[in-house]
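Breakdown of the fold
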Amino acid sequence: MKEKYIIKFVEETKEKSDRLMNYFLLCYFLVGLLLAFYYDTWQIAIGVGSLSLLAYYLTKKLLPDSNLYQYVLSIVIGIFIAQFIYQMHGLFEMHFFAFIGSVILITFRNWKLQIPLAILVLTHHAVFGFLQFKGMSEIYFTQLEYMPMQVFFLHAGLTIAIFSVSGVWAYNFNMSGLKEIEQSFEIGKLQEVNRQNGELIALSERLRQGNQKLIEANWELEKVFNTVAEVLFSVDIEKSKLIQISAACKQVFGYAPYKFLADSKLLKNIIHPEDKKSFDVNYDILKKGEPVQCQYRILHADNKVRWIEAKITPTLNEEGKLIRIDGIFNDITNESNFEIKVAKEKNKSHLEMIAAAIMAQENERTFLGEELHDNINPILATAKLYLDSAISDWPNSMTRLEESKGFITTAMTEIRTLSRSLIPPSLGDITLKEAINDMINNLRRITDIKFITNWEHLDEYLLNDKLKLNIFRIIQEQLNNILRHARANKVLVELNQKDLMLVLIIKDNGIGFDISQKRNGVGLQNIFSRTELLNGNIVINTTPGMGCELILKFKSQHESAGINIK
């Protein structure tokens with residue numbers, strides 16, 4: 001971890017120094033151009049300066065993971081110094097730029113960078129000074145005619161001293177930085193330890209509070225466990241041992257909890273002898289991992305027979321073996337003989353279905369009588385009058401006969417329409433969709449309601465005749481309810497078929513109603529009865545002012561039992 005921080009420190013130092021060097025190298029290059037402006041040394045300023053910058057940046061580009069470019073930089077700074085001295089024709093005092101470069105290199109915190117610069121400066125001064133004083137032309141080192149040897153060595157010594165001091169500073173800066181990192185790391189470790197200790201203390205406090213809450217929850221659970229009227233129990237199957245049973249067993253079975261805990265077989269022994277086989281069957285179901293809900297009789301401690309409802313949940317291990325069961329026993333003896341009650345409810349439901357069926361037949365007969373009396377009978381009576389007129393008024397007999405024929409045709413059309421509304425699809429020569437369409441088209445002639453139908457995916461080959469007949473009657477009944485009560489202007493009739501499930505939706509935007517209020521009509525009761533006969537499911541979604549939606553679901557190929565209502 002500490003090495004990671006050191007590497008980060010070195011990288012940050014390099015990045016800062018590199019940015020600084022970009023500015024200094026630009027300044028060095030501009031100084032060369034400025035000297036060239038006064039001394040007309042443009043070739044040296046541009047040529048040597050450009051090559052120096054190229055060498056530095058090319059090395060840095062080609063070897064990004066190496067520190068070689070820093071040593072190239074040290075040499076480049078020395079070359080710039082020699083370039084400035086040459087441009088000024090021997091003003092060797094320009095070696096002060098070497099001292100500036102030496103200080104700049106300290107930012108890298110690498111004392112070794114002072115060595116290439118020192119070697120280049122000393123070699124340049126020695127070689128160029130020697131060549132100039134030997135009389136070689138166009139060698140510019142100093143504007144002095146002669147430099148004593150002791151002066152040269154004095155300058156060299158001072159130069160080495162300055163480079164050495166800069167190297168020591170660079171070394172000390174690096175070591176102090178590393179030491180600060182180590183100290184920061186140690187401080188961070190101490191802070192982390194303190195933080196972890198704080199978290200441990202906080203965690204310990206939370207655990208203490210959690211344990212206290214757990215104790216309180218266990219106490220509340222124990223209180224609830226022993227105060228509910230139902231018997232709660234748990235059995236360890238592997239150990240064949242009753243683990244826990246609530247205090248309600250005293251009221252339900254007549255035995256205290258400790259007796260059940262002392263004798264694990266007592267719970268099975270109190271089962272009525274005639275119901276033990278049923279109990280064993282349920283146990284086989286539990287071994288498959290399936291929950292069980294059943295009723296059976298037990299022999300109470302007072303020797304009376306009581307009915308018990310059991311809800312039992314199994315627990316299996318990873319191998320699928322039953323290892324534990326948990327459940328609830330509820331005394332249902334006082335529910336006023338539930339078998340008789342259920343039988344009465346079934347009988348009541350059956351009588352309601354029969355009543356609804358009879359009422360539906362009576363309504364259809366009434367409707368048929370009203371249609372014959374109020375609609376078809378007047379048309380035929382008019383046709384008879386025209387025929388009588390044709391007999392008595394011979395000159396106009398053909399006209400009267402043609403008009404009589406029109407009335408008779410109208411009566412035939414009305415009879416055909418009436419018969420189609422009454423004849424079930426299975427007995428006619430049309431499909432269920434055609435029968436529904438015909439019924440809706442007839443309604444469109446007498447009402448402004450907009451009817452929307454959707455049964456694109458309906459396959460009538462999957463529907464038996466009984467199902468098609470009752471679907472037709474349910475739609476007929478609900479549309480009649482909508483016309484009489486809903487005050488709607490839009491009605492949706494939709495039949496969807498998915499796999500073997502048929503879904504009928506009838507929805508209107510009328511006034512709706514409160515489904516919790518008892519209604520005197522038999523329309524909805526008739527729909528419920530037909531749905532129940534087909535073992536279907538019905539849902540009514542309605543509230544006052546929000547319309548009504550009927551959703552009915554049937555199994556497409558299911559042959560429903562029961563009477564066939566027509």
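Residues numbered from 1 in each chain as written. Predicted model: local features only at pLDDT ≥ 70, side-chain atom pairs only at ≥ 80, totals over all residues. Heavy atoms only, no water.

Right, let's get into the overall build of the protein. On a plain count of helices and strands, the protein comes out with 15 helices and 10 strands. Taking all 566 residues of the protein together, 35% fall into the buried category. Per element, the accessible surface of the protein, about 34800 Å² overall, is 59% carbon and sulfur. (Helix = DSSP H or I, 4+ residues; strand = E, 2+ residues; numbered from the N terminus. Buried < 20%, exposed > 50% of the residue type's maximum accessible area, 1.4 Å probe, protein only. Areas by Shrake-Rupley, 256 points an atom, 1.4 Å probe, with all protein chains shown as cover.)

To continue, consider the nonpolar core. Of all hydrophobic cores here, the largest spans 36 residues; its most connected members are I436, I471, I475, L479, L495, L504 and L552. Counting only elements with at least two residues in this core, the list comes to helix 13 (432-446), helix 14 (465-486), strand 7 (490-498), strand 8 (501-508), helix 15 (523-533), strand 9 (537-542) and strand 10 (548-555). Top element by residues in this core is helix 14. It accounts for eight residues. If we skip the residues at most four places from it in the chain, I471 touches L432, L495, L502, L504 and F554. By size, the runner-up hydrophobic cluster in this structure holds 27 residues, among which are F80, M88, L113 and F163. (Core = buried A, V, L, I, M, F, W, Y, C linked by side-chain atoms within 4.5 Å. Contact = heavy atoms within 4.5 Å.)

This brings us to the pattern of salt bridges. With the rule as written, the count across this model stands at nine salt bridges. For the salt bridge of D331 with R306, the shortest nitrogen-to-oxygen distance reads 3.1 Å. With D331 in strand 5 (residues 322-331) and R306 in strand 4 (residues 305-316), the pair connects residues that are 25 residues apart, well separated along the chain. Across the pair D465 and K468 runs a salt bridge whose closest N-O atoms are separated by 3.9 Å. Placement of both D465 and K468 in helix 14 is noted, with a separation of three residues, approximately one turn of the helix. Several salt bridges share partner residues, and in doing so they unite E274, D275 and R297 into one network. (Salt bridge = Lys/Arg side-chain N within 4 Å of Asp/Glu carboxyl O.)

On the surface, a cluster of nonpolar side chains totalling about 690 Å² of accessible area is made up of L34, F37, Y38, Y39, W42 and I46. Among the secondary structure elements, those contributing two or more residues to the nonpolar patch are helix 1 (2-39) and helix 2 (42-62). Here the element with the most residues in the nonpolar patch is helix 1; it accounts for four residues. By the secondary structure assignment, Y39 is in helix 1. Owing to a relative accessible area of 34%, Y39 belongs among the partly exposed residues under this scheme. (Patch = residues over 30% accessible without salt bridge, like charges linked within 9 Å, V, L, I, M, F, W, Y side chains within 5 Å.)

Strand order across the open sheet formed by five strands is 6-7-8-10-9, with mixed pairing between neighbours. Whereas interior strands pair on both sides, the edge strands pair on one side only; in this sheet they are strand 6 (450-454) and strand 9. Each adjacent strand pair in this sheet contributes to an overall mean axis angle of 10°, direction not counted. Both strand 7 and strand 8 contribute to a ladder of eight bridges, which runs antiparallel. In the sheet register, Q497 faces strand 8, and the bridge partner there is L502. Set on the sheet, helix 14 makes contact with strand 6, strand 7, strand 8 and strand 10; between it and strand 8 the angle comes to about 10°. Sheet strands touched by helix 15: strand 9 and strand 10. Its angle to strand 9, the strand with the most contacts, is close to 150°. (Pairing = 2+ DSSP bridges. Axes fitted to C-alpha atoms, helices over the stretch in contact; angles between N-to-C directions.)

Turning our eyes to something else, we now look at the side chain of S234. With respect to the element layout, S234 can be found in strand 1 (residues 231-236). Those residues within four positions of S234 in sequence are excluded, and the remaining contacts are L242, I243, Q244, R324, I325 and D326.

A few words on a negative patch on the surface. Negative charge collects at one region of the surface, where E11, E12, E15 and D65 lie side by side. Relative to the helices and strands, D65 resides in the loop between helix 2 and helix 3 (68-87). (Lys, Arg positive; Asp, Glu negative; His and termini not counted. Charge placed at Lys NZ, Arg CZ, Asp CG, Glu CD.)

A separate point is the packing of aromatic side chains. Applying the stated rule across the entire model yields 10 aromatic pairs. Between Y28 and F84, the ring centres sit 6.0 Å apart and the planes meet at 40°, which makes this aromatic pair tilted. One end of the pair, Y28, is in helix 1; the other, F84, is in helix 3, with 56 residues separating them in the sequence. For the pair formed by Y28 and F84, the shared burial category is buried. With a centroid separation of 5.6 Å and an interplanar angle of 80°, the aromatic rings of F253 and F329 are classed as edge-to-face. Residue F253 is located in the loop between helix 7 (249-252) and helix 8 (257-262), and its partner F329 is located in strand 5; the two are separated by 76 residues in the primary sequence. (Phe/Tyr/Trp six-rings, centres within 6.5 Å; stacked < 30°, edge-to-face > 60°.)

On to the confidence of the model for the protein. Here the protein shows a mean pLDDT of 79. Residues at 70 or above account for 79%. For the protein, helix 11 (residues 338-392) is the element with the lowest average pLDDT, namely 63, and strand 6 is the one with the highest, namely 93. Scored below 50 in pLDDT, residues 558-566 shows 26 contacts in the model against residues more than four places distant or in partner chains. (pLDDT = per-residue confidence, 0-100.)

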